[in-house]
Amino acid sequence: MQRADSFRRRLRSAPAYERRYGYSRGIAEDPFIFISGTTALDPVTFSVAGDTTRQAQRAWDSIIAALGQVESGPAEIVRVSCMVIDPADAPTVLALSREALMRGRDPESAPAELPAVTLVGVTQLFNPRMRVAIEVTALWRGYTLRRQ
């Protein structure tokens with residue numbers, strides 16, 4: 001049940017795909033933004049291409065674009081969950097995640113501001129070509145103030 005003083009907004013990245021499988025890229029509901037597991041899925045062709053590096057970069061680009069739909073960004077991310085098929089890819093995915101999370105953060109104080117991160121190895125993702133999936137939770141900073 002939604003609170004009377006709450007506002008929910010759906011975030012989209014591949015609307016046809018999201019409708020087909022019954023989910024949203026993300027949901028923003030004061031004070032949080034929840035971004036679902038994001039992969040390198042091309043929103044037009046529904047194809048997945050590239051190695052783990054390229055797929056992680058594409059996932060982060062999609063996450064940041066989704067956050068941008070509600071005037072948010074990487075600096076507001078408070079939790080990250082990464083799933084990789086090959087545990088040997090963990091250092092690459094973590095390095096690319098750190099790079100993405102540093103966008104919009106002060107490099108001097110960034111270590112104290114970086115979010116909680118979990119990385120797990122999984123046997124397979126939805127599409128066998130998918131090598132990595134990333135989901136995040138962010139704070140919807142300032143939303144309540146903008147509403148008043």
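Before any of the text, the structure's been laid out above.
The rules behind these values
Once a new chain begins, its residue numbering starts again from 1 and follows that chain's sequence as written. For this predicted model, a pLDDT threshold of at least 70 governs which residues receive local features, and a threshold of 80 or more governs which side-chain atom pairs are given and counted, while totals over whole chains, interfaces and linings are taken from all residues. Values shown for side chains rest on all heavy atoms present in the structure; no hydrogens or waters enter the calculation. Labels follow the DSSP assignment, with helices taken as runs of H or I lasting at least four residues and strands as runs of E lasting at least two, numbered in each case from the N terminus. We call a residue buried when its accessible area falls under 20% of the maximum for its residue type, exposed when it is over 50%, and partly exposed in between, using a 1.4 Å probe and counting protein chains only. Here, residues are in contact when the closest pair of their heavy atoms is within 4.5 Å. Every accessible area reported is derived by Shrake-Rupley at a probe size of 1.4 Å, with residue values counting cover from the shown protein chains alone. Pairs of N or O atoms within 3.5 Å make up the polar contacts considered here, provided that, within protein, one atom can donate a hydrogen while the other can accept it, and that residues adjacent in sequence are counted only when both atoms are side-chain atoms. A pair of strands is considered paired only if DSSP assigns at least 2 bridges between the two. Take the buried Ala, Val, Leu, Ile, Met, Phe, Trp, Tyr and Cys residues and link them wherever side-chain atoms come within 4.5 Å; each set so joined is a nonpolar core. The salt bridge criterion pairs a side-chain nitrogen of Lys or Arg with a carboxyl oxygen of Asp or Glu, the two atoms within 4 Å.

1. Considering the overall build of the chain
- Looking only at helices and strands, the chain features five helices and six strands.
- The order of α-helices and β-strands along the chain, N terminus first, is β-α-β-β-α-β-α-α-β-β-α.
- Put simply, the chain has 148 residues, and 41% of those count as buried.
- Excluding contacts between residues fewer than 6 apart, the proportion of contacts in the chain whose partners are at least 24 apart in sequence is 69%.
- Accessible surface computed for the chain: about 8,100 Å², of which carbon and sulfur atoms make up 54%.

2. Regarding the environment of Leu11
- On the secondary structure map, Leu11 appears in strand S1 (residues 8-11).
- Sequence spacing of Leu11 and Gly68 is 57 residues, and the spatial spacing of their C-alpha atoms is 9.4 Å.

3. Section: the side chain of Ser81
- Here Ser81 is to be found in strand S4 (residues 77-84).
- Among the polar contacts listed, one links the side chain of Ser81 to the side chain of Arg79, at a separation of 2.7 Å.
- In contact with Ser81, other than residues within four places in its own chain, are Thr118, Ala133, Ile134 and Glu135.

4. Considerations on the pairing of S4
- For S4, the tally of buried residues reaches six of eight residues, placing the bulk of the element in the interior.
- Of the pairings in the sheet, the one linking S4 to strand S6 (residues 132-139) comprises seven bridges and is antiparallel in character. The residue bridging Met83 from the neighbouring strand is Ala133, located in S6.
- Looking at chain direction, S4 and strand S5 (residues 116-121) are connected through six bridges and run parallel. In the strand pairing of S5, Arg79 is matched with Ala116.

5. Some remarks on the nonpolar core
- Ranked by internal contacts, the top residues of the largest apolar core, which has 25 residues, are Ile33, Ile35, Trp60, Ile77, Val80, Ile134 and Val136.
- Residue assignment for this core shows that the elements contributing at least two residues are strand S3 (32-38), helix H2 (52-68), S4, helix H3 (90-102) and S6.
- With seven residues, the next largest nonpolar core counts Val48, Leu125, Met130 and Ala133 among its residues.

6. Considering the environment of Leu101
- Tracing the chain through its elements places Leu101 in helix H3.
- Setting aside anything within four residues of it in sequence, one finds Leu101 in contact with Trp60, Pro74, Ile77, Val80, Leu114 and Pro115.

7. Points about the pattern of salt bridges
- Scanning the model with the defined rule gives four salt bridges in all.
- For Asp42, the salt bridge identified is with Arg58, shortest N-O distance 3.1 Å. Here Arg58 lies in helix H2 and Asp42 lies in the loop between S3 and H2, a separation of 16 residues in the sequence.
- Given a relative accessible area of 25%, Arg58 falls into the partly exposed group.

The values are spatial; any link to function lies outside them.
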